[in-house]
Amino acid sequence: MKSLTVELADRSYPIRIGAGLLADARQYAKAEGRRLKLVTDSNVAPLYLAHVLKALNLKEEDALVLPAGEEHKSWATVERVLDWMLGARLNRDGLLVALGGGVIGDMAGFAAAIYQRGIDFIQIPTTLLAQVDSSVGGKTGVNHPRGKNMIGAFHQPRLVLADTAALRTLPQRELLAGIAEVIKYGMLADSDFFKWLEQRLDDLLVLDTDALTKAIYRSCELKARIVAQDERESLAGGAGPRALLNLGHTFGHAIETYTGYTQWLHGEAVATGLVMAADLSARLGWMSAKDAERCTQLVARAGLPVKPPAGMTPDQFLELMGHDKKVANGKLRLVLMRGIGLAVVSGDFDKAALQATLEHFTQQ
């Protein structure tokens with residue numbers, strides 16, 4: 001097992017990475033003596049629910065199994081979780097456990113954030129995307145038809161258990177979606193890590209244990225460092241360090257909203273967004289065309305999409321991007337790059353270059 005800490009003073013918490021963690025009762029020492037409830041989904045429950053219930057000494061009625069899928073990441077589903085906790089008379093000293101991918105983690109975390117003005121929760125991410133990104137940092141919430149993650153709260157978990165063995169039951173498409181977020185970290189903050197990914201991508205794709213552990217650990221390490229600097233994305237008017245984690249996401253969220261959260265996985269949309277951000281950065285002269293092409297090639301080698309959905313137009317992109325949380329004072333801000341590993345947040349870019357990127361990627 002490897003571990004690191006998200007340093008947030010009295011709200012600091014460990015991230016533990018290794019095989020077999022979710023079924024290991026010793027990992028849940030923080031939960032001893034607490035009243036626990038667990039939320040998972042219909043994909044994860046048949047695989048891991050019994051193991052976690054046994055480790056936590058819980059019964060089946062202590063778990064709520066929700067329908068799986070991004071389309072269920074909604075206020076209505078969170079309301080169902082809240083009703084269930086109220087019906088169980090869970091008190092403020094209770095603890096909620098989120099067992100699943102990013103959708104479950106985001107919704108359970110949001111429910112924990114607003115239930116009786118906030119109760120503790122634990123993240124047990126079972127997808128690569130959740131292990132390297134969404135389970136860390138305290139962003140919780142749900143989608144709205146007008147935009148991705150527009151309703152939510154910052155609420156840090158008390159513990160993150162990233163069980164690498166769980167990734168062996170992931171569908172290939174879900175695995176690749178997680179690799180998109182891993183690539184993101186190299187592109188935004190660590191050129192050496194990006195180079196390592198170019199060299200070891202094939203090992204990641206076959207779930208080589210050493211490569212997988214290194215990729216998860218370094219991704220979490222980079223995110224933990226950024227979150228510790230800017231927990232609530234409040235520095236520099238929302239254009240501080242934490243905003244850099246949204247590289248590729250403004251383009252990606254537009255794709256997800258356009259497709260109604262049902263056709264593209266989050267990581268697939270982010271992958272295309274990363275390529276589009278690199279293309280725009282090169283058009284602005286902020287990074288070399290060669291490095292932008294390296295980004296495109298790595299995303300493509302991972303079997304991820306490098307073009308948005310057929311039929312999506314530049315005007316539709318601009319309209320949906322206008323609803324993104326990065327818009328400030330009516331001005332669109334994007335996370336772009338000054339080179340691989342050097343992400344920046346900017347609203348001062350040539351809009352003609354953005355139009356050119358959108359036109360290039362939406363050509364049929």
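Here the structure is shown first, and the text comes after it.
One structure accompanies this document, and this report is about it. Every value quoted in this text rests on a predicted model; they were computed, and no experiment measured them.

What counts, and where the lines are drawn
Residues numbered from 1 in each chain as written. Predicted model: local features only at pLDDT ≥ 70, side-chain atom pairs only at ≥ 80, totals over all residues. Heavy atoms only, no water. Helix = DSSP H or I, 4+ residues; strand = E, 2+ residues; numbered from the N terminus. Rg over C-alpha atoms; globule rule 2.2 N^0.38 Å. Buried < 20%, exposed > 50% of the residue type's maximum accessible area, 1.4 Å probe, protein only. Salt bridge = Lys/Arg side-chain N within 4 Å of Asp/Glu carboxyl O. Expected span 1.5 Å × (residues − 1). Phe/Tyr/Trp six-rings, centres within 6.5 Å; stacked < 30°, edge-to-face > 60°. Lys NZ or Arg CZ within 6 Å of the ring centre and 35° of its normal. Arc of directions from axis to C-beta. Contact = heavy atoms within 4.5 Å. Pairing = 2+ DSSP bridges. Axes fitted to C-alpha atoms, helices over the stretch in contact; angles between N-to-C directions. Parallel < 35°, antiparallel > 145°, perpendicular 65-115°, else oblique. Left-handed = near helix turned anticlockwise from the far one by under 90°. Nonpolar A, V, L, I, M, F, W, Y, C, P; charged D, E, K, R; others polar.

1. Comments concerning the overall build of the chain
Here is step 1 of the chain: Across its full length, the chain holds twelve helices and eleven strands.
Here is step 2 of the chain: By the compact-globule yardstick of 21 Å for 364 residues, the chain fits well, its C-alpha radius of gyration being 20 Å.
Here is step 3 of the chain: C-alpha extents for the chain along the principal axes are approximately 60 × 40 × 40 Å.
Here is step 4 of the chain: Looking at the chain as a whole, 60% of its 364 residues qualify as buried.

2. A word on the pattern of salt bridges
A side chain of one charge can pair with a side chain of the opposite charge when the charged atoms of the two come close.
Here is step 1 of the chain: Under the criterion given, the structure shown has 22 salt bridges.
Here is step 2 of the chain: The residue Asp24 makes a salt bridge to Arg26 at a minimum N-O spacing of 3.0 Å.
Here is step 3 of the chain: Across the salt bridge formed by Asp203 and Arg200, the nearest N and O atoms sit 2.5 Å from each other. Of this pair, Asp203 and Arg200 both sit in helix 6 (residues 191-205), three residues apart, which is roughly one turn of the helix.
Here is step 4 of the chain: The partly exposed category is assigned to Asp203, whose relative accessible area is 26%.
Here is step 5 of the chain: Assessed through its relative accessible area of 26%, Arg200 is described here as partly exposed.
Here is step 6 of the chain: Within this structure, Asp133, Glu181, Lys184 and Lys223 form a network of salt bridges that share partners.

3. Some points on helix 3 (residues 102-114)
Here is step 1 of the chain: If you check helix 3, its first and last C-alpha atoms are 18 Å apart, about what 13 residues at 1.5 Å a residue would give, namely 18 Å.
Here is step 2 of the chain: Of all 13 residues in helix 3, twelve are buried, a share of seventy percent or more.
Here is step 3 of the chain: When we look at burial in helix 3, the residues that qualify are Gly102, Val103, Ile104, Gly105, Asp106, Met107, Ala108, Gly109, Phe110, Ala111, Ala112 and Ala113.
Here is step 4 of the chain: Gln116 occupies a position one or two residues after helix 3 and carries a positive phi of about 50 degrees.

4. With respect to the packing of aromatic side chains
Here is step 1 of the chain: Taken as a whole, this structure holds two aromatic pairs when the rule is applied.
Here is step 2 of the chain: Between Phe193 and Trp196, the ring centres sit 5.8 Å apart and the planes meet at 15 degrees, which makes this aromatic pair stacked. One end of the pair is Phe193 and the other is Trp196, both in helix 6 and three residues apart, which spans about a single turn. Considered together, Phe193 and Trp196 belong to a single accessibility category, that of buried residues.
Here is step 3 of the chain: Its guanidinium or amino end placed over the ring of Tyr185, Lys184 lies 4.6 Å from that ring's centre, counting from NZ or CZ.
Here is step 4 of the chain: It is Lys351 that lies over the ring of Phe349; its NZ or CZ is 4.3 Å from the centre.

5. Observations regarding helix 1 (residues 45-56)
Here is step 1 of the chain: Residues of helix 1 that are buried: Ala45, Tyr48, Leu49, Val52, Leu53, Ala55 and Leu56. The buried residues of helix 1 all sit within an arc of 160 degrees when viewed along its axis, so they share a single face. Of the residues in helix 1, the exposed ones pointing more than 90 degrees away from the buried face are Pro46, Ala50 and Lys54.
Here is step 2 of the chain: Buried residues along helix 1 sit in contact with strand 3 (36-41), strand 4 (63-66), strand 5 (95-100) and strand 6 (120-125).
Here is step 3 of the chain: Just beyond helix 1, the residue with positive phi is Asn57, at close to 60 degrees.

6. What to know about the sheet that holds strand 2 (residues 13-18)
Here is step 1 of the chain: Spatially, seven strands are ordered 1-2-9-6-5-3-4 in an open sheet, and the strand pairing comes out mixed. The open sheet terminates on both sides in strands that have one partner only, identified here as strand 1 (2-6) and strand 4. Neighbour to neighbour, the strand axes of the sheet diverge by 15 degrees on average, direction disregarded.
Here is step 2 of the chain: Docked against the sheet, helix 1 engages strand 3, strand 4, strand 5 and strand 6, running at close to 170 degrees with respect to strand 3.
Here is step 3 of the chain: Most of the contacts of helix 2 (residues 75-87) go to strand 4, to which it runs at about 160 degrees, and overall it touches strand 3, strand 4 and strand 5.

7. A few points about the packing of helix 9 (residues 266-283) against helix 12 (residues 351-362)
Here is step 1 of the chain: It is at 9 Å that the axes of helix 9 and helix 12 come closest, and there the two elements cross at 135 degrees. It follows that helix 9 is oblique to helix 12 by the angle criterion. For helix 9 against helix 12, the interelement crossing comes out right-handed. Along the contact surface, helix 9 presents Val275, Met276, Asp279, Leu280 and Arg283, while helix 12 presents Ala353, Leu354, Ala356, Thr357, Leu358, His360 and Phe361.
Here is step 2 of the chain: Considered class by class, the residues forming the contact of helix 9 with helix 12 number eight nonpolar, two polar and two charged.

8. Some remarks on the packing of helix 8 (residues 249-258) against helix 9
Here is step 1 of the chain: At a minimum axis separation of 7 Å, helix 8 and helix 9 run at an interaxial angle of 135 degrees. Regarding the angle of helix 8 to helix 9, the classification is oblique. Note that helix 8 runs across helix 9; the crossing there is right-handed. Of the residues in helix 9, those touching helix 8 at His249, Phe251, Gly252, His253, Ile255 and Glu256 are His266, Ala269, Val270, Thr272, Gly273, Met276, Ala277 and Leu280.

9. A closer look at the pairing of strand 2
Here is step 1 of the chain: Taking burial as the measure, the six residues of strand 2 include six buried ones, the bulk of the element.
Here is step 2 of the chain: Side chains Tyr13, Ile15 and Ile17 project from strand 2 onto one buried face, and the interleaved Pro14, Arg16 and Gly18 project onto a second face that is buried too.
Here is step 3 of the chain: Of the pairings in the sheet, the one linking strand 1 to strand 2 comprises five bridges and is antiparallel in character. Among the inter-strand pairings, Lys2 is bridged to a residue of strand 2, identified as Ile17.
Here is step 4 of the chain: In the sheet, strand 2 pairs with strand 9 (residues 159-163) via four bridges, with the strands oriented parallel. Residue pairing for strand 9: Ile17 is matched across the bridge by Ala162.

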